[in-house]
Structures are given as structure tokens and as C-alpha cells.
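# A closer look at the structure
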Amino acid sequence: MKTMNTPSITRPQPRPGVLDIAPYVPGKSKATGGARLYKLSSNETPLGASPQARAAYAEVGDKLELYPDGSASALRAAIGDVYGLNPDRIICGAGSDEILSLVSNAYLAPGDEAIYSEHGFLVYEIAIRAAGATPVVAPERNLTTDVDAILARVTGRTKMVYLANPNNPTGTYLPFEEVRRLHAGLPPHVVLVLDAAYAEYVRRNDYEAGMELAATTENVFMTRTFSKIYGLANLRLGWGFGPAHMIDALNRIRGPFNVSGPAIAAGVAAVKDRAFVEAAVGHNDTWLPWVTTELEKLGLAVTPSVGNFVLMHFPDTDGKRAADADAFLSARGCVLRLVANYGLPNALRMSIGSEEANRAVVAALAEFLNS
């Protein structure tokens, strides 16, 4: 019964904190002009998906009335076989985004804190706030995660640390000794989430995705995706690997059929097609340094990247800033990613595309900077 002092509520209200979440804004898909569209805003692979994955996807087309395998057992087995992991310690989801949210929902509560780096993936803050916890941002050093800054922000309320390695949108990474140092500095009840969405692209001797740490500790969890090098972004498919007790907790709260049958079939074929993966790596090995060098020749600062994208920085000059460049490029069919919402207002992120797309962007930027 409404009392005299109770305000009138005319519609359902979300719980406190939900409306404080800034919605995730994906990369643009359309240009404002140009004879062709070069979409380099979402770190998609220019090679498309494996022909074997496309064939496996098509084969499921006459079984759409059937529920998929709720445990994605064939996909977990295929991942385990390729990477030498116990399938029972693997969980699959609708992109690594869902896995990241499941971890937050399972281990964070109101009053808890979770830490991520200054220019870390935007989904971390969304997942933290959605669980009712408080995000804590650790400053970076030279656009790279700073282990000491993270450890300095650990309190009695800290329950989770997110580490994107490599990081998006900067493209920088932590050598694995630094990851181990971070883990060693965390209390045993704090979950260290290693987001290795771009691991397949990294060609550094001091890098590891985190499988061994997740396999041998009780509080490290690694996430991976099929959206990048495997070219299955449209199917929304990801996976996580961690201690058995964490997998058990996540399976208790995930949807019973959270991965579709076509996604499972395509994922099995994609992860087994190692020749396709190596071709994608080879393409990136050729064009990542080429794009970096060409952008630097134009006078742009480029953050060294180990992923399939580069972060370029523009001069703080009227008419030459990142937003100006973005509008100029879009009018010529080249769609890149503004990253002001990552705290980088004067930078653009460019995915490594096809040869034609890469050359088109460099040519357009040369025209823009010289105009």
C-alpha cells in the first residue's frame, strides 16, 4: 500500500547501477562515400572463414528444428585435441564476451571490486557493473598494462583482475614473466582473467596465452574467441579454460543451449583447419609491418602492435585530428575505429585488411595529411 511519503512509481525500475553502464558501441559498418567499402573497424580477418568451417555450417542447415548439444562436447573435444587441454575444463559460449560476463556474474557481487587497465576492453567495465561490483582502473605505462599499478590497487574488496593480452585497442602485450609476476602478487581468492582474443597472431618468444597458468593454478581463467583469426564473428563463438571448480560454477549459471548447432559445427572444423590459421597468420605477418611502416612514413605515430590491428595517433592540429581523419576516410569508403571511448580521443584503430584495403587506407591518409 502506498503511503503519503512514498513516491509514485509508474513503471519497472532496473536495479541500482544498471543505468550507469555505458552501452557498448561496435565499430561502424558503413561509409559515407567511396566506390568500395573497406571495413577495418572491428578487427575482422580479411581471409573470411575456413572453407571447411563454411561447409560444416551449411550441413547443419537441414536440422534447424533440433536443439544443439547443450554441452558443446564436440567443440570442447576439438579444442582440447588441438591445444592439448582437458575438455572437461573448457566452457563454450556466445563469443568470449559471454564467457567474460559469466565469470563476472559467478564471482562478483555488490561491494566487490574488479581491476582492469586504463585502455582495456570496454566489455570489462560492462561485465563488472552488470554484476553490481565496482570497476577500478589501473593506469598504463606507454599504452601498456602496468603490473605494479594493478597490484597497487588491490584491496580487501578486490575479487577479480582482467588482463587483455594482447590488449585491444592498443595492440601492446605483457611478456609472460610479467603475467606470472602479476599472478604471484594477487591473493589466492582473486580471479585473474586472461583475455587472449588475439593470441594466435602474436609472434614473440616471451609471450604465452595463459594455458599453462590456467592449467596449474586455482584462480586463473583464460578466454579465447573464434571471432578473429577463425573468421566466425557472425556466429558468436568463444571459449574459456580454467580450474575444474570454476568451470563447474560457470556451467551452473550459463544458458543450457548458449551455443548454436551451426556455431558448434563450424567451430569444430575451424579449429582443426590449421593450414587456414597459418595462412591468416602469414597474411598478418606480411601486412602488419607494412601498414605500420607506411603510416610512420606519413608522420603518424603508431603504437607497436602484436595483434591484427594498429593504433595510429594524429597531430593535435585543427583539421588534422583523428575525428577529421575518420570523416575524410569514411567519405572514401574506408571505415576505421574512433577510440575516444577508450580514453584515446586523438587516435584511430585500423584492422589489418586485404592488400587492396590496406593500400586504400594509406593512400587516403596521405591525401588527408597533405591536403
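Note that the structure is predicted; figures quoted are calculated from it, not measured. (Residues numbered from 1 in each chain as written. Predicted model: local features only at pLDDT ≥ 70, side-chain atom pairs only at ≥ 80, totals over all residues. Heavy atoms only, no water.)

### Some details on the domain arrangement of the chain
When its domains are assigned, the chain resolves into domain 1 (27-48 + 275-370) and domain 2 (51-273). Once you take the C-alpha centre of each, domain 1 and domain 2 turn out to be 26 Å apart. Across the boundary between the two partners, domain 1 contributes 27 residues, which contact 27 residues of domain 2. Overall, the association of domain 1 and domain 2 removes approximately 2300 Å² of surface from exposure, summing both partners, and the carbon and sulfur fraction of that is 63%. Linking domain 1 with domain 2 are zero salt bridges, by the criterion used here. Taken together, the connections running from domain 1 to domain 2 amount to eight residue pairs in polar contact (both at pLDDT 80 or more). Secondary-structure elements contributing two or more residues to the side of domain 1 that touches domain 2 are helix 10 (274-297) and strand 10 (309-313). Here the side of domain 1 that touches domain 2 takes eight residues from helix 10, the largest share from any one element. (Domains from an automatic or database assignment. Contact = heavy atoms within 4.5 Å. Buried area = accessible area lost by both parts, 1.4 Å probe. Salt bridge = Lys/Arg side-chain N within 4 Å of Asp/Glu carboxyl O. Polar contact = N/O pair within 3.5 Å; in protein donor to acceptor, adjacent residues only side chain to side chain. Helix = DSSP H or I, 4+ residues; strand = E, 2+ residues; numbered from the N terminus.)

### A look at the nonpolar core
Grouped together as the largest cluster of nonpolar side chains are 61 residues, with contacts concentrated most on L75, I79, F226, Y230, L232 and W239. For this core, the element with the most residues is helix 9 (residues 261-272), which contributes seven residues. Inspection of this core shows a minimum of three residues originating in each of domain 1 (27-48 + 275-370) and domain 2 (51-273). Not counting residues within four places of it along the chain, the set of residues in contact with L75 comprises C92, F226, L237, I264, G267 and V268. Counting residues in each nonpolar core, the second largest holds 30 residues, with L100, A114, Y116 and Y162 among its members. (Core = buried A, V, L, I, M, F, W, Y, C linked by side-chain atoms within 4.5 Å. Buried < 20%, exposed > 50% of the residue type's maximum accessible area, 1.4 Å probe, protein only.)

### Concerning the pattern of salt bridges
With the rule as written, the count across this model stands at 17 salt bridges. The shortest N-O distance in the salt bridge between E44 and K39 comes to 3.0 Å. According to the relative accessible area criterion, E44 is partly exposed, its value standing at 34%. When the shortest N-O distance is used, the salt bridge between R359 and E355 registers 3.0 Å. On the criterion of helical spacing, the pair formed by R359 and E355 is a turn pair, its members being four residues apart in helix 12 (residues 355-370).

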